[in-house]
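Descriptive analysis of the structure
Read off the chains here:
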Amino acid sequence: MKNMQASLGCDAGAMSTKTVVLMDGTVIGFDITRNEGRLVQAIEDSTSRALEMAKVTIEEIGNVGGTGWGERYIPFPHLSTSAISALARGVNWAHPGVRTVIDLGGLSTTVVVLNEDGRVLEYRTNDRCAAGTGFFIEQAAQALELGVEELCPLAQAAPERARISAQCAVFGESEIVSHLNEGEAVSSISSGIAYAIASGAATMLNRVGFEPDLLVTGGVVKNSSVVKALEEIVGVKVEEIRFDPQELTAVGAALLAREKSLE
Amino acid sequence: MSALQELLALPDRRDNPYVKEWKDSGRRIVGSACGYVPEELIWASGLLPYRVECRGCTETNLADVYMHRFNCTYARCILQAGLSGEYDFLDGFCFLNGCEQIRRMYEIWDKHINTDYLYMITVPHSIYEGGFKWYEEEILNFREQLRTNFGKRISDDSVREAIKVYNESRRLVEKLYDMRKAEDVPLSGADAMRIVLSAFHMPRDRYNELLAEALGEIESSGEHVEYSARLMVGGSAMDDPHLLEIIEDLGGVVVTDSLCYGSRHFLNLVEENGNPIQALAKRYYYHNPCPRMLGEYDNRLKFNEEMARGADVDGIILQKIVFCDTHGADNVMLTEDLEEMGIPVLTLEREYMLSDIGRFRTRIEAFMERIARR
């Protein structure tokens with residue numbers, strides 16, 4: 001008999017796949033795998049790694065929830081939910097006091113406003129434009145010949161901030177190269193990049209008309225200078241996230257699948 | 001400070017001593033958003049007309065809440081300045097349906113920014129007899145609205161006086177353009193632009209005094225700019241001398257333009273006799289047309305050619321702001337036709353705020369190699 005307590009959530013995102021295994025309200029397995037253009041493979045790899053970490057076999061999973069851009073490519077039966085509902089559910093589970101969450105993902109920015117029950121009151125996603133997304137950060141790091149993880153410490157130590165208008169992710173890169181050629185310090189360019197992304201995020205938040213507590217999720221949060229800049233722009237303290245910032249949508253998908261099965 | 005230095009200092013919205021002085025003396029200011037707004041009427045009402053600019057705008061995060069990234073950054077930067085309170089000194093603001101981006105921005109301004117009085121002058125998108133009558137009526141309405149809002153009746157005589165003041169600027173600015181036609185160019189295009197733009201941001205009678213004096217200073221200084229090529233700049237709304245500095249740092253000198261913040265605003269005098277409202281309507285409706293006017297391409301081509309030949313340029317840089325539809329279509333046609341006439345043209349796309357200068361510079365450098373005369 002299947003262990004009805006274990007649930008699996010898979011968030012097949014634009015750039016990476018995130019999988020969690022939940023047992024009795026605790027995350028016992030979690031994995032992030034880059035898609036690298038092979039989505040189905042990434043989903044399979046990510047799932048088996050998360051199961052391995054949880055020391056659970058797929059047969060022992062009671063409920064499976066799937067979400068994200070690549071949800072329809074998940075090659076095993078699952079309950080499909082929208083990334084918005086999954087994010088809201090996951091955030092409400094992890095941070096019940098949060099009323100607004102902004103997810104800075106690989107290719108999209110999503111703002112969700114939720115009530116105390118975790119119900120979605122309002123949501124917005126970005127225009128069809130990659131400026132300010134994870135894709136932009138990766139492009140920017142590449143232009144600076146840095147690893148993505150190197151941007152943040154540099155930005156935090158920067159005495160100055162270069163102006164990056166980042167109206168467009170593609171031309172943002174040539175803007176960065178311009179700064180480099182002008183002799184601008186890499187640290188101040190890194191700081192400019194963080195600010196530009198935060199500024200775009202602030203615009204999305206203001207468009208919705210957000211209320212605290214405010215949480216930021218998604219891969220971009222791993223660059224904490226973006227979060228700092230966002231706090232500076234919107235004048236609101238961002239909640240300290242208690243999980244991996246890329247984890248909660250998958251958690252939400254698992255929870256929703258389990259709750260559906262109990263109805 | 002000499003008159004020339006004062007004009008070169010180019011005041012902007014954030015720290016403008018003339019605005020401060022005007023307000024401190026209890027007088028009021030009305031902004032204008034397009035070259036088709038007859039500033040003379042505002043001046044004749046005892047108000048200071050202020051053509052809005054957003055030089056130095058670095059981000060559009062407030063404006064982007066209401067406008068999209070596929071709206072032009074000129075409109076978004078003006079909205080940003082409004083939303084961040086930089087235009088709180090305006091008592092009124094006259095918009096015009098010059099282009100769709102500005103026309104849309106008007107509605108957002110109306111909803112989210114507390115300017116006491118907002119106006120929208122609509123101008124038909126083509127030139128014909130009935131269109132002229134429409135525009136004339138719009139000006140009459142505008143005069144009536146100014147009277148109602150600011151409590152001063154605008155007599156024909158006061159409009160005539162205003163026309164004289166503004167014509168005087170036109171003559172002086174034209175003289176500045178004439179001086180730059182010489183083989184020995186007395187000042188950089190960036191400086192000339194600073195001088196011209198100052199007109200929009202200070203009382204016009206004071207500007208005329210300063211400019212007359214400054215022209216004398218320029219003439220008697222005997223200085224001239226070293227250059228490898230003479231250039232004209234055209235295209236989208238452009239009120240930032242830094243852009244010209246980039247061009248001139250690469251050895252070019254900008255000696256003329258076909259810009260709405262430049263020659264197009266100042267050429268074409270207003271008739272000083274007869275019905276002054278009709279004279280204003282005639283001048284503004286029929287002046288060297290913006291690409292917003294349909295069916296006027298041949299006139300724009302002719303105007304660009306005349307300006308280029310008149311200043312003996314080696315090439316033209318036609319720039320446009322990303323998503324500027326009006327100039328976007330025109331620039332392509334102008335490039336084809338001007339090249340055919342033997343005038344080299346470089347087209348450049350840019351954001352309103354200065355960014356991505358490296359890409360800009362590379363292309364201008366290559367163009368300079370093509371056209372340099374020495």
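Okay, so let's go over this structure. (Residues numbered from 1 in each chain as written. Chains lettered and ligands numbered in written order. Predicted model: local features only at pLDDT ≥ 70, side-chain atom pairs only at ≥ 80, totals over all residues. Heavy atoms only, no water.)

Some thoughts on unusual backbone geometry
Rules: A run of H or I in DSSP counts as a helix once it spans at least four residues, and a run of E counts as a strand once it spans at least two, with each numbered from the N terminus.
The omega angle of the peptide bond from proline 212 of chain A to aspartate 213 of chain A is 0°, so this bond is cis rather than trans. A positive phi angle, close to 50°, is found at aspartate 24 of chain A, a residue other than glycine. Phi angles above zero are rare outside glycine, and phenylalanine 323 of chain B is one such case at about 75°. Within the element layout of this structure, phenylalanine 323 of chain B appears in the loop between strand 7 (315-321) and helix 14 (325-340).

Describing the packing of helix 5 (residues 169-181) of chain A against helix 6 (residues 186-208) of chain A
All names here are of chain A. As a reminder of what qualifies: Structural elements are reduced to axes, namely lines fitted to C-alpha atoms, with helices fitted over the stretch in contact, and the angle between N-to-C directions of any two is expressed from 0 to 180 degrees. When an angle is under 35 degrees it counts as roughly parallel; over 145 it counts as roughly antiparallel; between 65 and 115 it counts as roughly perpendicular; any other value is oblique. Left-handed describes a crossing whose near helix is turned anticlockwise from the far helix through less than a right angle; right-handed describes the clockwise counterpart. Whether two residues are in contact is decided by their heavy atoms: any pair within 4.5 Å suffices. The nonpolar class holds Ala, Val, Leu, Ile, Met, Phe, Trp, Tyr, Cys and Pro. Asp, Glu, Lys and Arg form the charged class, and all remaining residues, Gly among them, are polar.
Taken N-terminus to C-terminus, the directions of helix 5 and helix 6 make an angle of 155°; their axes are 10 Å apart at the nearest point. Taken together, the axes of helix 5 and helix 6 are roughly antiparallel relative to one another. Regarding helix 5 and helix 6, the two cross each other, and that crossing is right-handed. Across the interface between the two elements, Ile176, His179 and Leu180 from helix 5 touch Val186, Ile189 and Ile193 from helix 6. In terms of residue class, the contact of helix 5 with helix 6 is built from 5 nonpolar, 1 polar and no charged.

Quick notes on the environment of leucine 47 of chain B
Residues and elements named next belong to chain B. Here is the rule we go by: The buried label applies to any residue whose accessible area, calculated with a 1.4 Å probe on protein chains only, is under 20% of its type's maximum; exposed applies above 50%, and partly exposed to all values in between.
Along the chain, leucine 47 falls in the loop between helix 3 (39-44) and strand 2 (48-51). On the basis of relative accessible area, leucine 47 is assigned to the buried category, the value being 3%. Measuring from C-alpha to C-alpha, the distance between leucine 47 and aspartate 91 comes to 9.4 Å, with 44 residues separating the pair along the chain. Those residues in contact with leucine 47, other than ones at most four positions away along the chain, are Trp22, Arg28, Val30, Ile42, Leu146 and Phe150.

What about the nonpolar core?
Condition: By convention a nonpolar core is built from buried Ala, Val, Leu, Ile, Met, Phe, Trp, Tyr and Cys residues, the set being connected through side-chain atoms within 4.5 Å.
By size, the foremost hydrophobic cluster in this structure holds 136 residues, and its most contacted members are Tyr74, Phe95, Trp109, Leu146, Ile195, Ile316 and Ile364 of chain B. Take this core: its biggest share by element is 10 residues, from helix 7 (residues 156-179) of chain B. Those residues in contact with tyrosine 74 of chain B that sit more than four places away from it in its chain are Val52, Cys54, Ile102, Ala237, Tyr261, Ile321 and Tyr352 of chain B. Core analysis: the next-biggest nonpolar cluster, separate from the first, contains 41 residues, Ala140, Leu144, Ile164 and Val226 of chain A among them.

Quick look at the pattern of salt bridges
Residue and element names in this part refer to chain B. Short version of the rule: Any carboxyl oxygen of Asp or Glu that lies within 4 Å of a side-chain nitrogen of Lys or Arg is treated as forming a salt bridge with it.
According to the stated counting rule, one finds 39 salt bridges over all chains in the structure shown. The closest approach of N and O atoms between arginine 373 and aspartate 314, which form a salt bridge, is 2.9 Å. Within this pair, whereas arginine 373 is found in the segment after helix 15 (357-371), its partner aspartate 314 is found in the loop between helix 13 (297-310) and strand 7, the two being separated by 59 residues in sequence. According to the relative accessible area criterion, arginine 373 is partly exposed, its value standing at 33%. Overall, aspartate 314 belongs to the buried group, its relative accessible area being 14%. The network of salt bridges with common partners includes Arg13, Glu53, Arg55 and Glu86.

Coordinates in, geometry out; function isn't part of it.
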